[in-house]
Number of protein chains: 2
Amino acid sequence: MSQPKYELLYHPGIPGRGEFIRLAFEVTGIPYTDIANSQKDGYATVQKTCMNTTSTASEGSNPPMFAPPALRIPGAGKNGEALVIAQTSNILLYLSEKLSLLPEGDENGKYFVNQLVLTALDLNNEIHDTHHPIGPSLYYEDQKDASLLKAKDVRENRIPKFLSYFERVLKGNGDGKYLVGERVTTADVTVWQVLDGLQFAFPKEMAVRRKEFEALFKWYEGFKEEKGLKAYLGSERRLPYSQGVFRYYPELDRQE
Amino acid sequence: MSQPKYELLYHPGIPGRGEFIRLAFEVTGIPYTDIANSQKDGYATVQKTCMNTTSTASEGSNPPMFAPPALRIPGAGKNGEALVIAQTSNILLYLSEKLSLLPEGDENGKYFVNQLVLTALDLNNEIHDTHHPIGPSLYYEDQKDASLLKAKDVRENRIPKFLSYFERVLKGNGDGKYLVGERVTTADVTVWQVLDGLQFAFPKEMAVRRKEFEALFKWYEGFKEEKGLKAYLGSERRLPYSQGVFRYYPELDRQE
C-alpha cells in the first residue's frame, strides 16, 4: 500500500481542533496520518512545523504557521515540496474541495458550507472560553470566578442562539439527512462534532436543549450512522474528551 | 450610472466587522452600497435579512444568516435571486476571488491568504473580548473586573504573539510591500485594519510594540499609500472608532 497522501499535524492525545479534520477524512474513508498520535517523535515534527516562533518559513517555502492544526500534503506545494496549510476552517475548505464534501451542482454552495463551518467553530471557541475566559496562559483554577460567569452566559444565551440557527438551517434544507444539499459536507462534520462535545461538557444543559431542538438532535443521531463515521466512533482512533476544548467541570454545567 | 452590484449589510455607525469588507472594496475601487449607512430604513433591511431568529430563509432561497455582516449580490443566486453570504472571512474569500485580491500565479495562494485573514480575525475577536470577556449580553461596566484581567493577558501575551507572526510572514515574503506575493490581497486589508484598530484601543501598548516590530509597522504605514485606501482614509465614508470591536478604555491600556 502506498503512503497516505494527507498528514494531520496536531497536539497528541486530545480530540481538540484536530478532530474536525479527522472527521472529514473518516467520514469519506480517505486515509491520513495523524503524525503526533502515530509516529514516535511525531510531536517534535508538529512543534517544529507549527510552533516555531522565530522562523520565517515552516517547512520548505511554506510561510510560517501560527498554531496547530495544520495539514501537510507531500508533493503538493511549490517545486514538488510539501504544501502546509493551517487554520481549521481553511483546512476544511481545502478538503471540502478535494474530498467532494460540498453540495453537488451548486456553485455557491461552498460559501454556505464554509459559513456554517465558521459559525460552528465560533461556538467551539466560545465553549473553550467557558474554562479560559481570561486567557490560555492561566490555569482554569486561576480564572474560575470569570469562568462561572462566562459559562452561565454561554449556557443561557449563546448555546440556544447557535442551536436555534443550526436547527433553522436544517429545516430550511427540508428537515433532512444533511445540513446542506443531499450529501455529507464539512458543515455536517463540524456542527456534529461541536454538538457531540457540548454533550460531554454540559450534560445537564444539553439534556434540556435536546428537548428544545428536536429536529437538530434527530439529525445528530442520524449522522452517527454514516458509514465512515460509525466505523470511526467504534474504533480506538477516536480519542476521548479530556483536557482540550471540551472539558467537564460540573460547576460550569446547569445547576438545577 | 448603473447600480453598484455589491451590497454590504451591517450595523450602522461603527467600523466593526463590516470594515474589513468595506476596505476590500475601497482598496480595489469597486463600488458598493453600505445599506445601513446610506439608505433611509437601511438598518431595517439588515435586521430583516441578517437578524431574523425564526425564519428558515434569509431572503428568497438563501439559508438563514447567523449575524451581520452579510454581502448581498442581486441576481447572483438561484433563479436570478440575490445571493446572500455571511461570516466575515467567508465574504472576504468570495471577494478575493471576484476582485482579484489574491496572489498571481499561485494556485494554493488563496489558502494562505485565507489563513492570514482568519488569524487576523482571531485577534480581532480577542480584542473584542478585552471589553466583553463574559459575554456580549452584559455591559462593559458589568464585566470590568474580568476585563482588566483579560486585557492584561491580551496586551502582554496575545498581541505580541500575533504581531510576531505577521512580522515573520512579511519577512518571509521578502520584507516587502505586501504580506503575500506582489499585489494587494485580502490578507493585507485584514491585518492592516486590525493593526489600525489596535492603535486606537491600546495607544500606549502599541507605541511600545511599534518599536519591537519595525518591519510590520513600516508595512502598515506604507499600505496607507495604496491609492484606493488613501482616498478612503481621507473621505467621510471612513467611520470613526467608537463603541464597536475597538474601544478606548484607558484602564485597559498599558499603565506605565
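Residues numbered from 1 in each chain as written. Chains lettered and ligands numbered in written order. Predicted model: local features only at pLDDT ≥ 70, side-chain atom pairs only at ≥ 80, totals over all residues. Heavy atoms only, no water.

Glancing now at the sheet that holds strand E2 (residues 32-34) of chain B. Residues and elements named next belong to chain B. Strand order in the open sheet formed by four strands is E2-E1-E3-E4, and the pairing between neighbours is mixed. The open sheet has two edge strands, E2 and strand E4 (83-86), and neither has a second partner. Averaged over all adjacent pairs, the angle separating strand axes in this sheet is 20°, with direction ignored. Across three bridges, strand E1 (residues 6-9) lies against E2 in parallel orientation. Counted as the bridge partner of Leu8 is Asp34 from E2. Against the sheet, helix H4 (residues 88-98) contacts E1, strand E3 (70-73) and E4, and its axis sits at roughly 125° relative to E4. (Pairing = 2+ DSSP bridges. Helix = DSSP H or I, 4+ residues; strand = E, 2+ residues; numbered from the N terminus. Axes fitted to C-alpha atoms, helices over the stretch in contact; angles between N-to-C directions. Contact = heavy atoms within 4.5 Å.)

Considering all chains together, one arrives at 42 salt bridges over all chains under this definition. Linking Glu26(B) and Arg237(B) is a salt bridge whose minimum nitrogen-to-oxygen distance equals 2.8 Å. In this pair, Glu26(B) sits in helix H1 (residues 18-28) while Arg237(B) sits in the segment after helix H10 (227-233), placing the two residues 211 residues apart along the sequence. Between Asp196(B) and Arg238(B) there is a salt bridge, with the nearest N and O atoms lying 2.6 Å from each other. Here Asp196(B) is found in helix H7 (residues 186-201), whereas its partner Arg238(B) is found in the segment after H10, with 42 residues between them in sequence. Residues joined by salt bridges that share partners form a network here, namely Glu19(A), Arg22(A), Asp34(A), Asp196(A) and Arg238(A). (Salt bridge = Lys/Arg side-chain N within 4 Å of Asp/Glu carboxyl O.)

In strand E1 (residues 6-9) of chain A, alternate side chains face the same way, and those of Tyr6(A) and Leu8(A) on one face and Glu7(A) and Leu9(A) on the other are all buried. The β-α-β motif built from E1(A), the intervening helix H1 (residues 18-28) of chain A and the parallel element strand E2 (residues 32-34) of chain A has right-handed crossover chirality. (Buried < 20%, exposed > 50% of the residue type's maximum accessible area, 1.4 Å probe, protein only. Right-handed = clockwise from strand over helix to strand, strands pointing away.)

With respect to the helices and strands, the residue Arg210(A) is situated in helix H8 (residues 203-212). Beyond its immediate stretch of four places on either side in the chain, Arg210(A) contacts Gln199(A), Phe217(A), Tyr220(A) and Glu221(A).

Moving on, we get to the domain arrangement of chain A. A common measure of how large an interface is: the accessible area buried when the components associate. Residue and element names in this part refer to chain A. When the domains of chain A are assigned, the result is domain 1 (6-99) and domain 2 (108-252). Centre-to-centre separation of domain 1 and domain 2, based on C-alpha positions: 22 Å. Residue-level contacts link 20 residues of domain 1 with 28 residues of domain 2. Buried area between domain 1 and domain 2, summed over both chains or domains, comes out near 2000 Å², and the portion from carbon and sulfur atoms is 69%. When residues of domain 1 are sorted by the area they lose upon contact with domain 2, Phe20, Glu26 and Val27 head the list and together hold 30% of the total. Applying the counting criterion to the domain 1 and domain 2 interface returns three salt bridges. At the surface where domain 1 touches domain 2, the tally comes to five residue pairs in polar contact (both at pLDDT 80 or more). Those elements that provide at least two residues to the side of domain 1 that touches domain 2 are H1 and helix H4 (88-98). (Domains from an automatic or database assignment. Buried area = accessible area lost by both parts, 1.4 Å probe. Polar contact = N/O pair within 3.5 Å; in protein donor to acceptor, adjacent residues only side chain to side chain.)

Now for the packing of aromatic side chains. Residues and elements named next belong to chain B. Across all of its chains, the model carries 24 aromatic pairs over all chains by this definition. Taken together, a centroid distance of 5.6 Å and an interplanar angle of 55° make the contact between Tyr165 and Phe166 tilted. Each member of the pair Tyr165 and Phe166 is classed as buried. When the ring of Trp192 is compared with that of Tyr220, the centres are 5.3 Å apart and the planes differ by 15°; the resulting orientation is stacked. (Phe/Tyr/Trp six-rings, centres within 6.5 Å; stacked < 30°, edge-to-face > 60°.)

Take the relation of the copies chain A and chain B next. By a simple turn and slide, chain A fits onto chain B: the slide is 0.0 Å along the axis, the RMSD is 0.0 Å, and the turn is 180°. In the structure described here, the two chain copies are related by an operation that fits a two-fold rotation axis. Interface residue correspondence from chain A to chain B reaches 100%, placing this contact among same-surface, isologous pairings. (Least-squares fit on C-alpha atoms with pLDDT ≥ 70 in both.)

With that out of the way, let us pick up the packing of H1(A) against helix H7 (residues 186-201) of chain A. Residues and elements named next belong to chain A. Their axes nearest at 9 Å, the elements H1 and H7 cross at an angle of 125°. It follows that H1 is oblique to H7 by the angle criterion. In this structure, the crossing between H1 and H7 has a hand that is right-handed. On H7, the residues touching Glu19, Phe20, Leu23, Ala24 and Val27 of H1 are Val189, Thr190, Trp192, Gln193 and Val194. (Parallel < 35°, antiparallel > 145°, perpendicular 65-115°, else oblique. Left-handed = near helix turned anticlockwise from the far one by under 90°.)

Once that is clear, we can look at the nonpolar core. Nonpolar side chains in soluble globular proteins generally cluster together in the buried interior. Core analysis: the biggest nonpolar cluster contains 142 residues, and Leu95(A), Leu95(B) and Leu198(B) have the highest contact counts within it. Once residues lying within four places of it in the same chain are set aside, the contact partners of Leu95(B) are Tyr6(B), Ile21(B), Ala24(B), Phe25(B), Leu71(B) and Ser100(B). (Core = buried A, V, L, I, M, F, W, Y, C linked by side-chain atoms within 4.5 Å.)

Taking 1.5 Å per residue as the helical rise, helix H6 (residues 144-172) of chain A with its 29 residues ought to reach 42 Å, and the 39 Å between its terminal C-alpha atoms agrees with that figure. Of all bends in H6(A), the biggest is about 40°, found at Val154(A). (Expected span 1.5 Å × (residues − 1). Bend = angle between axes of the 7 residues up to and from the residue.)

All names here are of chain A. Looking at the element boundaries, Thr49 is found in helix H3 (residues 42-50). Only 3.4 Å separates the side chain of Thr49 from the side chain of Glu59, close enough to count as a polar contact. Leaving out residues up to four positions away in the same chain, Thr49 has contacts with Leu9, Ser58, Glu59, Met65, Arg72 and Val84.

Counting residues at the interface gives 50 residues for chain A, matched by 50 residues for chain B. By the criterion of area lost to chain B, the three top residues of chain A are Phe66(A), Tyr111(A) and Arg168(A), representing 19% of everything that side buries. Our count for the chain A to chain B interface comes out at two salt bridges. Here chain A and chain B share 28 residue pairs in polar contact (both at pLDDT 80 or more) between them. A per-element tally of the side of chain A that touches chain B places H6(A) first, with 14 residues. Its residues assigned to classes, the side of chain A that touches chain B comprises 21 nonpolar, 17 polar and 12 charged. (Nonpolar A, V, L, I, M, F, W, Y, C, P; charged D, E, K, R; others polar.)

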